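Geometric and topological summary
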Amino acid sequence: MIQQPSPPPPIGKTWRRLYTAVLLFLAFEVLIFHLFTRAFE
Amino acid sequence: MRTADWVVLIGTLLSIVAYGVWKGRRQKRLEQYLLADRQLQWYTVALSVMATQASAITFLSTPGQAYSDGMRFVQFYLGLPIAMVILSVTAVPIYHRLKVFTAYEYLEHRFDVRTRTLTALLFLIQRGLGTAMTLYAPALIVSLVLGWNIHLTTLAIGALVIVYTTSGGTKAVSWTHMHQLLISLAGMGIALIVAIRSLPPQVGLIDAVRVAGRMDRMNVIDFNFDLSTPYNFWSGLFGGLMVALAYFGTDQSQVQRYLTGETVAQSRLGLLFNGIVKVPMQFFILFVGAMVFVFYQFVAPPLSFNPVQSAKVRSSAYAAEFQSLEQTHESTFAAKRIAATNLVAAMDANDTETVERTTERLQALQAQDEETRKAASALIRKNDPKADASDTDYVFLTFIIQNLPVGLVGVLLASIFCAAMSATASGLNSLASTSVVDIWKRHLSKEQSDHEYVVVSKWATIFWGGFCVAFALYANQLGSLIVAVNRVGSFFYGTMLAIFLVAFYVKRVGGTAMLWGALVAELAVVYCAFYTDMAWLWWNVVGCGVGVGAALLFQMVLPAREITATSE
């Protein structure tokens, strides 16, 4: 596929950073859920 | 329902319809009508994507799921944020660059018209039946609990949706989605506050969470790899990723939502916002269900939450048996309430020994009560073999009707109807788009003016609205076939995902090989469905795997495909 440069996102400066932020947030959620489960089981 | 509830319910729904009609007025061009002129900002795209996925069943059944099985269902959504990133990288820029109206239009650029038409037809079958179920399922639950006429309920929801979806097209659908989702979430917030405030004075929020945890309802994450359990971290991450990729990447009801973004960036931001917010939103809805569970540790729940089936058994030959179970249930509940009260007191006093002892007692009573409820379900099924013996879907609505103050019942019902309308509107909108763009305009009438295509699109919306309402009205008589209809999406999702995966990532496979690969994949799914015991979620994996593999094999024996500029 021909990759065309896309304009940067309004936050995070680059798309790569924004994607990383979404995935890190997922990891953070999993961690919080794990702690939540441990705390209340 | 009191007058105030009716006023709130009808007022909210009519306001939504009027707003949709007003917002979508003066639609003259096809791009305007089907894609809101590709002018929407990321927040509209995001909320529209979320409202499309969140049907009334999400708000009715998910709390019931937490009530009966705890919060582990949230893990099903763990693959979704990853899917949002993958689609933002791959699908969104391709769809935008080619300025397609539907996802299937891209398949003609990449393969050929046959693959496009086949995929569009698969979509029309599964989404047509799926949208009918989106109408039928909440109408059934609401009419059973409230004693309403199911036909009138179905007709009312269907007619309201058809009015603004036909009149205002995608713009009306997307803008009403924003308000519908906010109303639905506000309704859940109200239910949560009422559930917590209705607990005994000595039971606070933290106490309630701790009681739910002791009763195994705070089991959010389970890292154990076990193929036999439907919801754990691994099945959520990998299975959830597959389902989310198929749903958001190949289903026009979702693709159409982010095709309305003004730029690639707006569409991407809409999807990424969904990736961030969806998991906490599901957690919140499940948490409401867990709090309703705690509420019913202190307030007596019915033996079965399905009032119609309970009434049927009470007037049947099994009445005495059912009454005996009700008495057992009541005495177990009385013991449970004492144990739960003691548990809260022990936890507040940091009395570890009593906490452990009382927890064991409460868990034993809960297990005993679940056995009683199972026996009641068995009686219900014995009395009426076609009956839905599971009452999970009725838990939350029963809680609303019996415990919310006047006025707020109307708000909650409005929030459930808003969710039903939002998912149905997306369905009708996408069915009309695919029918007109991929079938009518492509095969049947290529030379009409833009305005004429808008008129055809409006008639297509009315046609699909009529089809869904008619099917939903008839669904009541389908009995066990309904289960099959509910699973119809899994008949086609795997194959559709295979087609798009090959389109995006395997350049050397051409249209003919893909078409044969898709047919083999469908045969494999049909074989699994009718000749094996395989759980239906796995049909998606089989369809996708066989589709990709067969397409690659067919390409090896067919002449090498010609790579054109548009197919890149």
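The rules behind these values
Residues numbered from 1 in each chain as written. Chains lettered and ligands numbered in written order. Predicted model: local features only at pLDDT ≥ 70, side-chain atom pairs only at ≥ 80, totals over all residues. Helix = DSSP H or I, 4+ residues; strand = E, 2+ residues; numbered from the N terminus. Buried ≥ 20, exposed ≤ 12 C-beta atoms within 10 Å, placed from the backbone. Rg over C-alpha atoms; globule rule 2.2 N^0.38 Å. Contact = placed C-beta atoms within 7 Å. Nonpolar A, V, L, I, M, F, W, Y, C, P; charged D, E, K, R; others polar. Core = buried A, V, L, I, M, F, W, Y, C linked by C-beta atoms within 7 Å. Expected span 1.5 Å × (residues − 1). Bend = angle between axes of the 7 residues up to and from the residue. Arc of directions from axis to C-beta. Axes fitted to C-alpha atoms, helices over the stretch in contact; angles between N-to-C directions. Parallel < 35°, antiparallel > 145°, perpendicular 65-115°, else oblique. Left-handed = near helix turned anticlockwise from the far one by under 90°. pLDDT = per-residue confidence, 0-100.

1. Considerations on the overall build of chain A
When helices and strands are counted, chain A shows one helix and zero strands. Residues classed as buried in chain A amount to 17% of the 41 residues present.

2. Describing the overall build of chain B
A tally of regular secondary structure across chain B gives 23 helices and zero strands. Taken against the 2.2 N^0.38 rule, which gives 24 Å for 568 residues, the C-alpha radius of gyration of chain B at 25 Å falls within 12% of a compact globule. Expressed as lengths along the three principal axes of its C-alpha atoms, the size of chain B is roughly 75 × 50 × 50 Å. Residue burial in chain B is summarised as follows: out of 568 residues, 55% are buried. At a minimum sequence separation of 6, the contacts of chain B that also span at least 24 residues come to 85%.

3. A few points about the interface of chain B and chain A
Residue-level contacts link 23 residues of chain B with 20 residues of chain A. Elements with a contribution of two residues or more to the side of chain B that touches chain A: helix 5 (80-89), helix 6 (91-98), helix 10 (205-214) and helix 13 (264-298) of chain B. Tallying contributions element by element places helix 13 of chain B first for the side of chain B that touches chain A, with seven residues. Taken together, the residues that form the side of chain B that touches chain A break down as 16 nonpolar, four polar and three charged.

4. Digging into the nonpolar core
Residue and element names in this part refer to chain B. Within the largest apolar cluster, 188 residues are counted, with the highest numbers of intra-cluster contacts made by Ala290, Met291 and Val292. Looking at this core, the element that brings in the most residues is helix 13, giving 19 residues. Within the second largest apolar cluster, seven residues are counted, among which are Leu303, Val313, Leu325 and Ala376.

5. A few points about helix 13 of chain B
All names here are of chain B. For helix 13, built from 35 residues, the straight-helix expectation of 51 Å at 1.5 Å per residue is met to within 8% by its first-to-last C-alpha distance of 52 Å. Its maximal kink placed at Val277, helix 13 deviates by approximately 35 degrees, while the proline Pro280 follows within four residues. A large share of helix 13 lies buried, amounting to 29 of its 35 residues.

6. Considering the environment of Tyr527 of chain B
Here Tyr527 of chain B shows up in helix 22 (residues 511-531). Residue classification places Tyr527 of chain B among the partly exposed positions, given that 14 C-beta atoms sit within 10 Å.

7. Here's the deal with unusual backbone geometry
You will see that Lys13 of chain A, though not glycine, has its phi angle at about 70 degrees, which is positive. Checked against the element boundaries, Lys13 of chain A lands in the segment before helix 1 (15-40). Assessed through the 10 C-beta atoms surrounding it within 10 Å, Lys13 of chain A is described here as exposed. A positive phi angle is found at Asp216 of chain B, which is not glycine, with a value near 65 degrees. When you line up the elements, Asp216 of chain B lands in the loop between helix 10 and helix 11 (233-250). Take Asp216 of chain B: there are 15 C-beta atoms within 10 Å of it, and that puts it in the partly exposed class.

8. Details of helix 1 (residues 3-23) of chain B
The periodicity of an α-helix, 3.6 residues per turn, causes residues three or four places apart in sequence to face the same way. Residue and element names in this part refer to chain B. Here helix 1 contains 21 residues, and its C-alpha end-to-end distance of 30 Å stays within 8% of the 30 Å for a straight helix at 1.5 Å per residue. Among all positions of helix 1, only Asp5, Val8, Leu9, Thr12, Leu13, Ile16, Val17 and Gly20 are buried. All buried residues of helix 1 lie within an arc of 150 degrees about the axis, which places them on one face of the element. Residues of helix 1 that are exposed and point over 90 degrees away from its buried face: Thr3, Val7, Gly11, Leu14 and Ala18. Looking at the buried positions of helix 1, the neighbouring elements they touch are helix 9 (150-197) and helix 18 (408-444).

9. Here we look at the packing of helix 15 (residues 319-348) of chain B against helix 16 (residues 352-383) of chain B
Residues and elements named next belong to chain B. At their nearest, the axes of helix 15 and helix 16 sit 9 Å apart, and the two run at 160 degrees to each other. Taken together, helix 15 and helix 16 sit at an angle that is classed as roughly antiparallel. Classified by chirality, the crossing of helix 16 by helix 15 is left-handed. Residue composition of the contact of helix 15 with helix 16, grouped by class: 14 nonpolar, ten polar and four charged.

10. Some remarks on the confidence of the model for chain B
Residue and element names in this part refer to chain B. The pLDDT averaged across chain B works out to 89; a share of 96% of its residues lies at or above 70. Model confidence for chain B, summarised as mean pLDDT per element, is weakest for helix 20 (residues 481-486) at 55 and strongest for helix 5 at 96. Ignoring residues within four places in sequence, the model shows residues 563-568, a span with pLDDT below 50, making seven contacts including any to other chains.

11. Structural notes on the environment of Leu182 of chain B
Residue and element names in this part refer to chain B. In this structure, Leu182 sits in helix 9. Here Leu182 falls in the partly exposed class, since 14 other C-beta atoms lie within 10 Å of it. The spatial distance from the C-alpha of Leu182 to the C-alpha of Ala51 is 9.0 Å, given a sequence separation of 131 residues.

12. Looking at the packing of helix 8 (residues 113-146) of chain B against helix 21 (residues 488-505) of chain B
Residue and element names in this part refer to chain B. Contact pair helix 8 / helix 21: the axes reach a minimum separation of 9 Å and the direction vectors enclose 150 degrees. Classed by the angle they form, the pair helix 8 and helix 21 counts as roughly antiparallel. With respect to the hand of their crossing, helix 8 and helix 21 are arranged in left-handed fashion. The residues of helix 21 that touch helix 8, namely those facing Thr115, Thr119, Leu122, Ile125, Gln126, Leu129 and Gly130, are Val488, Gly489, Phe491, Phe492, Thr495, Met496 and Ile499. Taken together, the residues of the contact of helix 8 with helix 21 sort by class into eight nonpolar, six polar and no charged.

13. Some thoughts on the environment of Phe273 of chain B
Residue and element names in this part refer to chain B. Relative to the helices and strands, Phe273 is located in helix 13. In this structure, the C-alpha to C-alpha distance between Phe273 and Pro81, residues 192 residues apart in sequence, is 9.0 Å. Once residues within four sequence positions are removed from consideration, Phe273 is found in contact with Trp42 and Ala46.

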